[in-house]
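# Structural characterization, general
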Amino acid sequence: MNDLRRALLIAAKDLRLEFRTGGRLPSMTAFVVLAGFLFGFALDRGLVPGRDVAAALIWLTILFAATAGAGRIFDAEEEEGAFRHLLLTPVSRPAVFLGKTLANLAVIWLVSALSFVSLTAFLGVRDPGSLAAHTAILLPGTVGLAATGTFFGRMSRHSTLGDTLLPVLTFPLLVPVIFFGATATARVFLERPWTEISGSVRLLWAFALGAVVAGGALFRHLTDE
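Scope of this entry: the structure provided in the associated data block.

## Topic: the packing of aromatic side chains
Scanning all chains against the criterion turns up seven aromatic pairs. Pairing phenylalanine 151 with phenylalanine 152 gives two aromatic rings, centres 5.1 Å apart and planes at 85 degrees, and the pair type is edge-to-face. Comparing phenylalanine 151 with phenylalanine 152, the two get one shared label, buried. With a centroid separation of 5.1 Å and an interplanar angle of 80 degrees, the aromatic rings of phenylalanine 179 and phenylalanine 180 are classed as edge-to-face. Each member of the aromatic cluster is reached from another via a ring pair, and the members are Phe37, Phe41 and Phe122.

## Structural notes on the environment of glycine 36
Its place among the elements puts glycine 36 in helix α2 (residues 25–42). A C-alpha to C-alpha distance of 5.9 Å links glycine 36 and phenylalanine 122, two positions 86 residues apart in sequence. Among all residues touching glycine 36, those that are not within four sequence positions of it are Ser118, Leu119 and Phe122.

## Some thoughts on the pattern of salt bridges
Proximity of charged atoms lets side chains of opposite charge pair with each other. Within the structure shown, the criterion is met by one salt bridge. Of the charged contacts, one joins arginine 192 and glutamate 196 as a salt bridge, the two residues approaching to 2.9 Å between their closest N and O atoms. Accessibility expressed as a relative area gives 31% for glutamate 196, which makes it partly exposed.

## Considering helix α9 (residues 175–189)
Compared with the 21 Å implied by 1.5 Å per residue over 15 residues, the 21 Å span of α9 between its first and last C-alpha is a close match. Following α9 by one or two positions, glutamate 191 adopts a phi angle in the positive range, close to 60 degrees.

## Concerning a nonpolar patch on the surface
On the surface, Val33, Leu34, Phe37, Leu38, Phe41 and Phe122 cluster together to form a nonpolar patch covering roughly 590 Å² of accessible area. Classification of phenylalanine 41 as exposed rests on a relative accessible area of 64%.

## Here we look at the nonpolar core
Membership of the largest hydrophobic core comes to 32 residues, with the highest contact counts inside it found for Trp59, Leu123, Ile137, Leu145 and Phe189. If you list the elements that add at least two residues to this core, you get α3 (50–70), α6 (93–122), α7 (131–156), α9 and α10 (198–223). Looking at this core, the element that brings in the most residues is α3, giving eight residues. Residues within four places of isoleucine 137 in sequence aside, it is in contact with Trp59, Gly181, Ala184, Thr185, Val188, Ile197, Val201 and Leu204. Among the nonpolar cores identified, the runner-up in size contains eleven residues, and Ala95, Phe97, Leu166 and Phe219 belong to it.

About the criteria used
- Residues numbered from 1 in each chain as written.
- Predicted model: local features only at pLDDT ≥ 70, side-chain atom pairs only at ≥ 80, totals over all residues.
- Heavy atoms only, no water.
- Phe/Tyr/Trp six-rings, centres within 6.5 Å; stacked < 30°, edge-to-face > 60°.
- Buried < 20%, exposed > 50% of the residue type's maximum accessible area, 1.4 Å probe, protein only.
- Helix = DSSP H or I, 4+ residues; strand = E, 2+ residues; numbered from the N terminus.
- Contact = heavy atoms within 4.5 Å.
- Salt bridge = Lys/Arg side-chain N within 4 Å of Asp/Glu carboxyl O.
- Expected span 1.5 Å × (residues − 1).
- Patch = residues over 30% accessible without salt bridge, like charges linked within 9 Å, V, L, I, M, F, W, Y side chains within 5 Å.
- Areas by Shrake-Rupley, 256 points an atom, 1.4 Å probe, with all protein chains shown as cover.
- Core = buried A, V, L, I, M, F, W, Y, C linked by side-chain atoms within 4.5 Å.

Put into structure tokens, the structure is as follows:
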């Protein structure tokens, strides 16, 4: 059994546990819906059209929701000692990291879709542009969020500050994701040609792949402590 198959099994196990227990998904869902509701009331659309700020608010909402729940993927196993037993199996540390990242990615994707629908609806954006283009932008962005959140989520488990420490560690590193993601999404809203967007998407993929590779390589140092 190769590492990729083991990573998929870990991700499937984590997702079954997530949906069986409710976990963080209900709170993340409530957050993005309420965020869209409040932003809709806070914005004076007579002065600032919702289309002009939708991209930035979508990415910030995804960032806050993803970061708030990233470290909790380790909580259930930590409480029962299952994570320590997982590390004693022949599964490599990069495979464990990849499996946890894939599980986080699946949850973040659900939250991202809901954020997009919620904010475009509450901000009154009637024509958001190409959904395929939005998907092509969100995919590498959320991969980068999931990998970074998983790595530093594990690091935060070693601190008494817990989830309070997670934004401090991740937000500075995630500035490129928010900048290039929001820039590309805004251009889709404005129906700009893909040639003006593809450069940002390539940079998002570079960050995402770098986060996955670096996280997998360094994850063993977090688990050996």
